[in-house]
Every structure is written in C-alpha cells, then in structure tokens.
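Commentary on secondary and tertiary structure
As a plain string of letters, each chain reads:
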Amino acid sequence: MHYLCTTTIKQIPMGERGTITMKDIAKELGVSVATVSRALKDSPRISEAQREKIKTFAVEHNFYPNVIAETLRNSRVSPPRIIGVIVPQIAHYYFSTILSGIEEQSRVRGYRIMVAQSNEQYEREKRICESFLNHRVCGVIVSQAKDTVKYDHFKRLMDNRLPVVFYDRICTGVNTNRVVVDDYMGAYTAVSHLIDTGCRRIAFFSSPMSLEISKNRYNGYRDAILKRGLSVDDKLLFICDERADAELITPRILKGNNPPDAFFAINDDTAIGILYTAKRMGFRIPDDISICGFTNGERATACDPQLTTVEQRGFMVGEEAVDILVDHVEGITPSDQVVKRVVRTRLIVRGTTR
C-alpha cells in the first residue's frame, strides 16, 4: 500500500541500529506510543486522518516495526538470534551445499537462519533485504543475483549496523566481509590440465562478466593459455552458464570453422550440457573433445563419462561465512574490520579429459 506523503521530512534522533522507533515517532508528532502502534495497525480507535499522518511519517523516515519484539512482547524468552541468508537458487547444488554449511555452523554457534531465495532477480533481492530489516535479523549472508548492478539495498543493511557477509558472488560495489573459493587458481589449474593433455583450442562458457567470479575464472583461463605459449582467442569466449543454453549453442560452435577441441565451463550443469550435446553429435569424449566443469556436484559422477571438474567445497564456504558474521555480531571482530577469506579449490580428474 502506498501512502500520500504530505509531511516535511526532518532529521530526528535515531534509535538502535540507526533506525527510528515508535517512541521517536510519538515524540515528534506529539502523541503517545500506544497511538502510534494502533495507527500502524489500522486500528479504528484512531481517526483516519491521524492514521494517515502517522503512517506517512513512518514511511518517510523508513520505520520498520520490530516483528520479533511484537511476537515476544509478553514473553520471558529472549529474542532468537537469527541470521538472514539470501540464496540465488536453492535448487543449485553448489548453493544448497553452502546452505548446509551455513545451517550446521549456525546451529553450532547457537543461531538460527531465515532463508530466502532471490531467484536471480534484483528486485526480489531488494525486497528480501527489506524483510530482513523488518524482522530484525542480527546479520545477513548473501550471494548476489546475476542481474544486480545497484547496491543500495546492501548499503542499507550496513547503514543499519547489520554485519553482511558475501559468499561466491561478491559485491564489488560494497567493501564488506566475504568468503570465496579461489576462482582464479581453480580455472588456471583446470585449463592447464587441458593444455597439458594435448588440447589447443579451449572454449570458455562463462557467467556474465559483470560477476567477479566470471572475471577471476576468465583471468585464470587466459593466464594458463598464455603461460603455455598459446594465443587467447576471444571468439572462444561465450556467455553461457546453464545446461539448456549450452545444448543450444554447442552444435553451432562444433559445426563452425576451426572448432575447439576442449571446453571449460563455469559450472557442472553447463559442462554436462556440452557433454550431452557433443556425444549426440557423434563426438568421442575425451578422444575428440575434452570437457571440464566447476563445482564437483553429484551430477559430475552421474554422467557418462564422469566429469572432470574443479571442486569448490561449498560446505566449508558456508561454515566460514557464519563464523565471520557471528564474530562480528558478538564483538569478537571489530565492526569496522572487513574480513576476507579464500577457500582453496582442487581439480578432480575423471573421464571427460585425457
């Protein structure tokens, strides 16, 4: 619901976490806290004009009612320690593995998690951040959506003194805590292996280059090629990070002039799409074409031949993210100290490479 703004915005003292409270609103408007509470709940005991005035003021000053406090108002139980977690796609193996690590380590540290899926949508990600503020989570662990290019919603969390930890897809527009795998070295090792086993024209199926992981893996891919005296061909770089898309564009690539003799894919699902398509076209794997993925999920061993891939160790990423966040929440790490951790990868060689 949208309310017509008629009140002049003023700077008022802020309560805990940099947000105003119902007490602040009551003081500024010259009414009781009970009146503010009833107005925000649309109580008929408050006149419509008064309700609109209070709601307008609350909207203009970004007031969010404390849902947890409301629930526990008459309870002797201390408010739960809840961590907000944003996952781009829960069905994605790597993200589900990270989520398992987050859940387990949160339990060990005495916290619970509130999980939301952005479904790779910027607007949905924004709404989730607002919801987390509304529910007064103690911190947020997040991997940004693919199409996120503006970061005000993340800055808003930090402005409200919420520690934020990015994992996998980090936000370069905000200087905050992060835990990532060594994307550069993982890609460098994988492409080096392909070259060392005889491949010379290696295609790279990447996520959008707006993502830091894509840049880091491309740099690893590029440096491995250059270090071994080969030339980088930008015509072998394709923005493709889903299996369905890989099955669509791989035939065109393999039927073209001077096709690649190997593929390095940003994730296992994309690599499996390449594998399925190449086999269907009559290519022998790995005799004609070598393929390497990046994840080491369950599907890597469910295909034929089994997939050579870079293991990301998602469970460990989740554990590290929780430790970074909780240490900030509990004051073990100073609030102004940014923590950055890197989880090492390793190459798992199987049947799709020579």
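First things first, this report covers the structure right here in the doc. (Residues numbered from 1 in each chain as written. Predicted model: local features only at pLDDT ≥ 70, side-chain atom pairs only at ≥ 80, totals over all residues. Heavy atoms only, no water.)

1. A look at the pattern of salt bridges
As a reminder of what qualifies: We count a salt bridge whenever a side-chain nitrogen from Lys or Arg sits within 4 Å of a carboxyl oxygen from Asp or Glu. Counting from the N terminus, the helices are the DSSP runs of H or I reaching at least four residues and the strands are the DSSP runs of E reaching at least two. Exposure classes here rest on a 1.4 Å probe applied to the protein chains alone. A residue is buried below 20% of its type maximum, exposed above 50%, and partly exposed in between.
Using the criterion set out here, one finds 19 salt bridges in the structure. For E242, the salt bridge identified is with K146, shortest N-O distance 3.6 Å. With E242 in the loop between β7 (237-239) and α10 (243-255) and K146 in the loop between β3 (139-142) and α7 (152-159), this residue pair connects regions lying 96 residues apart in the sequence. Of the residues examined, E242 reaches a relative accessible area of 37% and is grouped as partly exposed. The salt bridge partner of R201 is D233, with a shortest N-O separation of 3.3 Å. With R201 in the loop between α8 (183-196) and β6 (202-206) and D233 in the loop between α9 (212-227) and β7, this residue pair connects regions lying 32 residues apart in the sequence. A residue is classified by how much of its surface remains accessible, and D233, at 24% relative accessible area, is partly exposed.

2. A few points about the pairing of β3
Keep this limit in mind: Following DSSP output, two strands are said to pair if at least two bridges run between them. Handedness of a crossover is defined as follows: orient the strands so they point away from the viewer, and if the path from the first strand over the helix to the second runs clockwise, the crossover is right-handed.
Neither face of β3 is left uncovered, since the one carrying G139 and I141 and the one carrying V140 and V142 both have all their residues buried. Alignment of strand β1 (residues 82-87) against β3, held across four bridges, turns out to be parallel. Its bridge partner being in β3, V85 is matched across the sheet by I141. Pairing of β3 with strand β4 (residues 164-167), which is carried by three bridges, proceeds in the parallel orientation. Within β4, the residue paired with V142 across the bridge is F166. Each parallel crossover has a hand, and for β3 linked through α7 to β4 it is right-handed.

3. Things to note about the side chain of T308
Which entries qualify depends on this criterion: Contacts described as polar in this section are N or O atom pairs within 3.5 Å, which, within protein, must combine one atom able to donate a hydrogen with one able to accept it, while residues neighboring in sequence count only if both atoms come from side chains.
Along the chain, T308 turns up in strand β10 (residues 308-311). Side-chain polar atoms of T308 contact the backbone nitrogen of R350, separated by 2.8 Å. There is a polar contact of 2.8 Å between the side chain of T308 and the side chain of T353.

4. Quick look at helix α3 (residues 48-60)
Definition in use: Here, expected helix span is obtained from the residue count minus one, scaled by 1.5 Å. Working rule for contacts: check all heavy atoms of both residues, and any pair within 4.5 Å makes them a contact.
Taking 1.5 Å of rise per residue, 13 residues should cover 18 Å, and α3 covers 18 Å from first to last C-alpha, within 8% of that figure. Of the residues making up α3, those classed as buried are R51, I54, K55, T56, F57, A58 and E60. Close packing links the buried residues of α3 with α1 (22-29) and α2 (33-40).

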